[in-house]
Amino acid sequence: MLNKGKHIEKRSRGVHVRLTRGAPQLRRQRGAFAVMTAALILVMLGFCGLAIDLGRVYNRKVELQGVADAAALAAAAELDGTAEGIDRAMNAAADSAGRNYRYNYAASSIEWSNAAVRFSSVPSNGTWLEAGEARTQAQALFNVEVDTSRLAEHHGRVDTALIRVLSAANASVHMRGRAVAARTTINVTPLAICAMSNLRGAARGEELVEHGFRRGISYNLMKLNPNNKNKGANFLVNPVAPPGTAGKSLKSRLDVIRPFVCTGTMAMPRVTGGNITVEDDFPFQSVFPQLNSRFGSYTSPCTPAGAPPDSNVKEFTVSSTENAITWVTDKPAGQSAAKATTDTSLLTVADLPSDSGTTITAPMYGPLWIASRAARYSSYEEGKPEPAPGGYATFNATSTHWAKLYTPGLPKPKGTYPSPVPAKSGSHTISPTGLTGVADRRILNIPLLRCPVSPGSPAQAEVLAIARFYMTRQASGDDLVAEFTGLARPDALRGQVELHQ
C-alpha cells in the first residue's frame, strides 16, 4: 500500500482500489439527501392531509345517505293511497331523521325540513310532487324521494384543510344523500268475490251492513253470488298486474299463484284506482292447502318463515265438544250461515230480508261473533273509513240486542260472552310446537268486486273495497268458511317497502 497524500491505493491480487477521503462530491450528496427527505416529508404530510379531507368527505356522504335511506323507507311504509297516508309519511320521515340520525361524527343533529320529501307514481323519470300537491293525487303515489340537498346548506358542507391549498374553490365540499323507496306489495289475498251490494254502508234495522255483509256472520266464500242463485262467483286476481294494466292469464300457473296464497299478498302497492285483472273461478281445489298455512299446516311452497301461522290456531268447529261455540244457547247446525237463495242471488239465511217468508231457526245462523261483534249503523259516516283504533260502536251480547239483530229473536246469547272476543281470548292462543305465531294471520283481506264482471277470462274488474274475513277453520273440499269482520282500512294493508336508489 502506498500513501500518496490524500489518496490511498490498495493493491491485492490484481485488484486496484483507490479511496478518496473527504471528497467534496460526498458532501454534496449528503446535502441532496437532506433536501429530498424534507420534500418527501412535505409530500407525505400532504397525502395525510388529503386522506383526512377525503375521509371526512366520504363520511359525510355515508351519514347523509343513511339519513335519506331511513327517512325514505319510513315514509314509504305509510303510503296507502290516501291524503292521510301522505301526512303520515311526512311525519314518519321527520321522526326518522330527527330521532335516529346525527351527522358530523355524531356531533350535530339533523335540522329537518319537509322540503326534503317528495312523491311520485313511478320511481324514476317521473314528476315529483311536494306534500301539498301530493295530497290531491295520493291514490297513485307510492314512491318517496328524500334528498338531503334540500335541507339547510350546512348539513352537506365539509370544510377542507388541505384541498383548499390546492384550489381556493375547494375550500368546502358539498355532499348529499338521495334515496327513493316504494311500496312493492299489498297485504291482500289474490282471491276476489262479488260485493253482495254496491253500497258501502246500509242499515238493517239498527245494524250496519257493509257491501251486503254483516259483521259476526260466517260465510262460505265459495258459495256467494248476487247475480246467480245457482253458482258461486269467485275470481283469481292476477297478483303481478297493477290496476290499470291488462295482465295475462295465470290460472294454469299454480307455481306463480301458490306463493301469493301462502303469504296473503300481491306484488303491487294497491288494488284500487283502476281495474284489476281477474279470472273466473278461483282454483280453490288446487290452492286451499296453502290457505291453511295460517293454522300451521304447511304444503309446498309455504314455509313458516314466509307464511307464519296465526298466534291462535284453534279451529272453531261446531262438530266438536271441545271447540263448540259455547257463548250461544243453540248449537249451530253448520259451520257457516245456511245457504239461501232469492230469485237472483245466492246468499245465506242471515242475509235474507225479514219479509222473505223463509222459515229460519236459530241453528241456521251458524256460529256468531267469533272474531267481531255486530256494528251499529248510527256510528257509520258515509265516505269515511272506520275510525281507528276503536272502530264502530257495537251491540252487546244480550238477549235484547240479539232480538234486534237475528229476527225473530233467534239465536240467543248465554250472557257469558268472552272478553276479548273468542278469536283473541288468551285460552285459545295455541301455536304449533316450535313455530312462532303472528296475530291476525287468519284474517284474509279479500277484494270485493263490482259485479257482474265483464265477460271474458281474463277480464277487468273494479274493486269496491277490501273485506276482512276471519278463517274460523281450515279450508277443505269446496268450503272456505270465514267470518266477516268489516272493511279494511287502507293503512292496514301496507306491505313491504324497498329502496330503488
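What you see is a predicted model, and the numbers here were worked out from it, not measured in a lab.

This paragraph deals with the sheet that holds strand β20 (residues 443–449). Sheet architecture is open: eight strands sit in the order β15-β23-β22-β20-β11-β16-β17-β21, paired in mixed fashion. On the outer flanks of this sheet lie β15 (218–220) and β21 (459–461), each paired with one strand and no other. Ignoring strand direction, the axes of neighbouring strands in this sheet form an average angle of 50 degrees. Note that strand β11 (residues 191–194) and β20 share two bridges and pair parallel. Paired with C194 across the bridge in β20 is L449.

We now examine the side chain of D310. Topologically, D310 is positioned in the loop between α6 (284–291) and β18 (339–341). Although D310 is buried, it forms no salt bridge, and the closest oppositely charged side chain is R442 at an N-O distance of 5.1 Å. Within the structure, the side chain of D310 is placed 2.8 Å from the backbone nitrogen of R442, a separation counted as a polar contact.

This paragraph deals with the pattern of salt bridges. Pairing between side chains of opposite charge can happen when their charged atoms approach one another. Going through the model one piece at a time under the given rule, you end up with 24 salt bridges. Because the salt bridges share partners, they merge into one network encompassing R118, E145, D147, R150, R176 and R178.

So, about the side chain of S293. Position of S293 among the secondary structure elements: in the loop between α6 and β18. With a relative accessible area of 0%, S293 lands in the buried category. Polar contacts involving the side chain of S293 include one to the main-chain carbonyl oxygen of Q290, which spans 3.1 Å.

Further remarks concern helix α5 (residues 254–263). Among all positions of α5, only L254, I257, F260, V261 and C262 are buried. Considering only its buried residues, α5 is in contact with β16 (234–237) and α6. Directly beyond the C-terminal end of α5, a positive phi value near 70 degrees is found at G264.

Closest axis-to-axis distance for the α5/α6 pair is 8 Å, and the angle between their directions is 35 degrees. Handedness of the α5/α6 crossing: right-handed. Of the residues in α6, those touching α5 at L254, I257, R258, V261 and C262 are S286, V287, Q290 and L291. Residues of the contact of α5 with α6, tallied by class, amount to six nonpolar, two polar and one charged.

Topologically, S286 is positioned in helix α6. Residue S286 is classed as partly exposed on the basis of its relative accessible area, which comes to 31%. Sequence separation between S286 and L254 is 32 residues; the distance between their C-alpha atoms is 7.8 Å. Residue contacts for S286: discarding those within four places in its chain leaves L254 and R258.

Here the focus is empty space enclosed by the protein. Scanning all chains against the criterion turns up three cavities of 30 Å³ or more. Considered as a void within the structure, the largest cavity measures approximately 40 Å³ in volume. R200, E210, R215, Y380, P385, E386, Y392 and L487 together form the lining of the largest cavity. For the lining of the largest cavity, the per-class residue count stands at four nonpolar, no polar and four charged.

With that settled, consider unusual backbone geometry. Cis geometry is adopted by the peptide bond preceding P301, which originates at S300 and carries an omega value of 10 degrees. One non-glycine residue, W369, lies in positive phi territory at about 60 degrees. Structurally, W369 is set in the loop between β19 (346–348) and α7 (399–405). The class for W369 is buried, based on a relative accessible area of 0%.

What counts as what
- Residues numbered from 1 in each chain as written.
- Predicted model: local features only at pLDDT ≥ 70, side-chain atom pairs only at ≥ 80, totals over all residues.
- Heavy atoms only, no water.
- Pairing = 2+ DSSP bridges.
- Helix = DSSP H or I, 4+ residues; strand = E, 2+ residues; numbered from the N terminus.
- Axes fitted to C-alpha atoms, helices over the stretch in contact; angles between N-to-C directions.
- Buried < 20%, exposed > 50% of the residue type's maximum accessible area, 1.4 Å probe, protein only.
- Lys, Arg positive; Asp, Glu negative; His and termini not counted.
- Salt bridge = Lys/Arg side-chain N within 4 Å of Asp/Glu carboxyl O.
- Polar contact = N/O pair within 3.5 Å; in protein donor to acceptor, adjacent residues only side chain to side chain.
- Contact = heavy atoms within 4.5 Å.
- Left-handed = near helix turned anticlockwise from the far one by under 90°.
- Nonpolar A, V, L, I, M, F, W, Y, C, P; charged D, E, K, R; others polar.
- 1 Å grid on protein atoms, 1.4 Å probe; cavity = no way out; pocket = protein on both sides within 12 Å on 5 of 7 lines; lining within 4 Å.
- Points joined across faces, edges and corners; volume = space filled by probe spheres on them.

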